[in-house]
Amino acid sequence: MSAVQQRGSLTQIELAGVTGLSPATVSNIVKELTGAGVLHTSPSTRSGRRALQVTLARNLGLVAGVHFGSRSMRVALADASMRVLADQRMPLAPDHRADTGLQRAALLVAEMVASVDAAPDELLAVGVGVPAPVDVRAGSIATVGMMRGWDGVVVPEVLEAELGAPVTVDNDANLGALAETRFGAAVGHDAVAYLRVSHGVGGGLVLGGRVVHGRAGVAGEIGHVTIDENGPVCRCGNRGCLEMYVGAGVLLSMLSESRGHLTLRDVIARAQEGDPGCRRVLFDAGQHLGVAAANLCNLVDPEIVVVGGQLAEAGEALLGPLRTALEQRTVPSTAGPVQVVASELGSAAEVRGALAVALDLARVSGSLGVSA
Amino acid sequence: MSAPVLSLRGVSKNFGGVRALVDVDVDVREHEVLAVVGDNGAGKSTLAGVIAGAFRPDGGEVLLDGAPVVLDSPAAARTHGIAAVFQQLALVDDLDVVENVFLGQETLRGPFLDEIAMEREAWGLLDQLAATVPSVRQPVRTLSGGQRQVVAVARALLGAPRVLVLDEPTAALGVRQTAEVLNLIEKLRERGHAVVLISHQAGDLQAVADRIVVLRLGRVHGEFSGDTSYEDLLAAMTGAVRPARPGGPARAASGPEPRERRAGGTGAVHR
């Protein structure tokens, strides 16, 4: 096993030479491990003779998923069967810039590919999620001013040059929605609404197994549903958006007067310890989310609403008031109220979605040798 | 808002004719990452040295829980619950992780080393840091830069210090290792430590800092909240924006107002 791992790929005869075992023994071991799905064999020739090339099963190729959040980046590598081989998170500065961010992501992917003993050309595709609406066809950020320093950046152009693999980009909440539908809390459901409540607020809709993008990628942007016509002006330029009531910056500034500088995780931890102020902030956030989600449910009537993002770690402190507000505002149905659940994949949802779209891209572009 | 654990009031330090620190006021609180940023020669490492007891200030005082203390050696600082990890991690390459963590402070059982207890505690410390060190019986020579940093931090954590000073922890590290160190700093903060993080890489600082103090030519050139824009920080670092008065807050034309600072004050800072 480790002989194959070290050398990446070698023939059965070479393997016998390296390990000092007899060719027959090696043949038996390889057969057994191939049966177990650990090794992969393919016919080839060596010095004009037929030989069996032995590789680790992951050598079907690797895909990388990159998730840029507002304050952190997460990169994961997976093989063709979506087995995650490496996963790394990195905190980022507020207002991180596209150039340094993408360069760091590219370096991180390259280092992680090296860390699983793979060659750079084994990387088949890369999926990227960013916290802003994305024009998926062009791969560019579709709005102005939502992510400072990222306006008009064509992510695939930059990353493809650095990594030499095709790159696909989507909104992070869309990727989270896809991941929850394929591998998480919403498996087996159709019409899935996903809310991502973290530093910003995003949403994704999956209808018939496909993510809804709309005209230019703004579909599902529940963070910018109007809560108050005369509310404070949001980063998007409109007034009283949901994000101005439940975004992390707003929640934390409500608490900073009495409790100093907190992080979102601090607020959740304190709420669980019973801090009434932190509980109240989460309660109100849940209600606001419920109001916005109710509008969405009245339009789409999804089978399930999945709540993800860091704030979802608060659990029922957030979901309870969300459910109540949602039920009060949706059309009562004989099917009962819509199911509202916390994300199953948690903070990994978006990066898993990025891996999934990368794998889809690898299949479409034919770089993946098998059709899975 | 908790009272500061450690405060520097009017601290100055000269090296010959060089005024490395001039009348510096800094507060360090528990459960908070205080970042100190500045250009080369701004006095960052001198400040780390003063907090960690490596340098004795020429003027001003150091207050621990509001009471003046004299930190005349790193050992004295340690007994007061202040530990530091300097840029040169001071690890012994040929010793393994456990030996490095306990170097000079070995656990004894009778006349012998208590290897089992030390190994258990080393694992405990590394687990708290969510560290990815493969084995504690590996010589640290074989570890990556980020993992070595983790070992150095684990050693500093021995004896549960309240204040932890990290001097340039991400210098000369790859992206992946930098990511590990930044995650580690978040972890330390979550565990309630007061972390003083010193670096010239403003981007890395901003990723984890609650407050940022900008030093320039030995003086405090402004104190900012962690979410201040990079431009405002850069302006303060390079001297493009001057503090309103010596030692007072820098006021950028636009941008969020820096957090409160009372120039030359000796009392607690009010919020």
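Everything numeric here is computed off the predicted structure, so don't read it as measured data.

Quick notes on the rules
- Residues numbered from 1 in each chain as written.
- Chains lettered and ligands numbered in written order.
- Predicted model: local features only at pLDDT ≥ 70, side-chain atom pairs only at ≥ 80, totals over all residues.
- Heavy atoms only, no water.
- Helix = DSSP H or I, 4+ residues; strand = E, 2+ residues; numbered from the N terminus.
- Buried < 20%, exposed > 50% of the residue type's maximum accessible area, 1.4 Å probe, protein only.
- Contact = heavy atoms within 4.5 Å.
- Buried area = accessible area lost by both parts, 1.4 Å probe.
- Salt bridge = Lys/Arg side-chain N within 4 Å of Asp/Glu carboxyl O.
- Polar contact = N/O pair within 3.5 Å; in protein donor to acceptor, adjacent residues only side chain to side chain.
- Pairing = 2+ DSSP bridges.
- Axes fitted to C-alpha atoms, helices over the stretch in contact; angles between N-to-C directions.
- Phe/Tyr/Trp six-rings, centres within 6.5 Å; stacked < 30°, edge-to-face > 60°.
- Lys NZ or Arg CZ within 6 Å of the ring centre and 35° of its normal.

A. Quick peek at the environment of A:V357. Residues and elements named next belong to chain A. The topology assignment puts V357 in helix α12 (residues 349-364). Residue class for V357 comes out buried when judged on its relative accessible area of 16%. The spacing of V357 and G65 is 292 residues in sequence and 8.5 Å in space, taken between C-alpha atoms. Other than its neighbours up to four places away in sequence, V357 contacts G127, T168, L175 and L178.

B. Examining the interface of chain B and chain A more closely. Facing 25 residues of chain B, the contacting portion of chain A comprises 23 residues. Taken together, the two surfaces of chain B and chain A that pack against each other cover about 2,100 Å², and 47% of this comes from carbon and sulfur. In this assembly, chain B and chain A are joined by 5 salt bridges. Taking the shortest distance from any N to any O, the salt bridge between A:R89 and B:E186 comes out at 3.1 Å. Applying the counting criterion to the chain B and chain A interface returns 13 residue pairs in polar contact (both at pLDDT 80 or more).

C. Quick look at the sheet that holds strand β6 (residues 84-91) of chain A. Residue and element names in this part refer to chain A. Taken in spatial order, the 5 strands line up as β6-β5-β4-β7-β10 in an open sheet, and their pairing is mixed. Each edge of the open sheet is held by one strand with a lone partner, namely β6 and β10 (167-171). Neighbour to neighbour, the strand axes of the sheet diverge by 15° on average, direction disregarded. With 6 bridges joining them, strand β4 (residues 62-68) and strand β7 (residues 123-130) adopt parallel strand pairing. Counted as the bridge partner of L62 is L123 from β7. Its contacts with the sheet place helix α6 (residues 172-183) against β4, β7 and β10, and it is angled at close to 95° to β10.

D. Representation of the packing of aromatic side chains. Evaluated as defined, the whole model comprises 2 aromatic pairs over all chains. Between the aromatic rings of A:F68 and A:W150, the centroid separation amounts to 5.0 Å while the plane-to-plane angle is 65°, which identifies the pairing as edge-to-face. Of this pair, A:F68 sits in strand β4 while A:W150 sits in the loop between β9 (140-141) and α5 (155-163), and the two are 82 residues apart along the sequence. A:W150 matches A:F68 in its accessibility class, with the two residues each being buried. Where B:F15 meets B:F55, the ring centres are 5.2 Å apart and the plane angle is 75°; that geometry is what we call edge-to-face. A residue pair is termed long-range when its members are at least 10 positions apart, and B:F15 in strand β1 (residues 6-15) and B:F55 in the loop between α1 (44-52) and β4 (59-64) qualify at 40 residues. One Lys or Arg, A:R352, reaches over the ring of A:F183 and ends 4.9 Å from the middle of that ring.

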